[in-house]
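Structural overview
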Amino acid sequence: MGGILSFIAFYCFSFLNPDPTSLNLVFGYFLVPVSIFLSIKFFKDYSNSGYLSFAEGMTVGFVTYALLGILSTIGIWTLLLLFPDLFEVIKTQKIELLLENRDLIISQVGEASFNATELSMNGLTPWNVALNDGLWKIIPGMFFSIIISIILRKNPN
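Presented here is a report on the structure given in the accompanying data block. (Residues numbered from 1 in each chain as written. Predicted model: local features only at pLDDT ≥ 70, side-chain atom pairs only at ≥ 80, totals over all residues. Heavy atoms only, no water.)

1. What to know about the packing of helix α4 (residues 84-100) against helix α6 (residues 111-122)
- At a minimum axis separation of 10 Å, α4 and α6 run at an interaxial angle of 170°. Looking at the two axes, α4 sits roughly antiparallel to α6. The hand of the α4/α6 crossing is left-handed. On α6, the residues that touch K91, K94, I95, L98 and L99 of α4 are F114, T117, E118, M121 and N122.
- Residues belonging to the contact of α4 with α6 are distributed by class as follows: 5 nonpolar, 2 polar and 3 charged. (Axes fitted to C-alpha atoms, helices over the stretch in contact; angles between N-to-C directions. Helix = DSSP H or I, 4+ residues; strand = E, 2+ residues; numbered from the N terminus. Parallel < 35°, antiparallel > 145°, perpendicular 65-115°, else oblique. Left-handed = near helix turned anticlockwise from the far one by under 90°. Contact = heavy atoms within 4.5 Å. Nonpolar A, V, L, I, M, F, W, Y, C, P; charged D, E, K, R; others polar.)

2. Digging into helix α2 (residues 20-47)
- Largest kink in α2: about 30°, centred on G28.
- Three or more residues of α2 are buried, namely P20, T21, N24, G28, L31, V32, P33, S35, I36, I40 and K44.
- Buried positions along α2 lie against α1 (2-16), α3 (54-82), α4 and α7 (126-152).
- Immediately downstream of α2, the backbone of S49 shows phi near 55°, a positive value. (Bend = angle between axes of the 7 residues up to and from the residue. Buried < 20%, exposed > 50% of the residue type's maximum accessible area, 1.4 Å probe, protein only.)

Pasting the structure below:
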């Protein structure tokens, strides 16, 4: 459900902002922990007689954030392939943002790094946008799984 909701949110955010990636990223920081909490809680209460070990919580959390990231990536990638104009707007927004911050970026990392980043941004594909979104669901998911598994842990002893 979280992966599908993430994909739907990306589509809806595209009507609110020319570059929905940043809004979807913020939404993901709400969606990922809620999805992980609910999946672990439902596993504990309905499949495991009210008990939960840390390992079980981590396993359920892993499956949740992995599926969330994969479904989000595939959904957004498909959406960007179906609507190439949306992808072009996102790409243009990202390049404009990079160029607006040119002086700041060059002062921090140097001109060679800026030029490499600009070249990379010009080669941006729908897959890159979708994969980035999916990874930003998976990476925080690892940490949220640890915290939620500790909080909900309850052993029969």
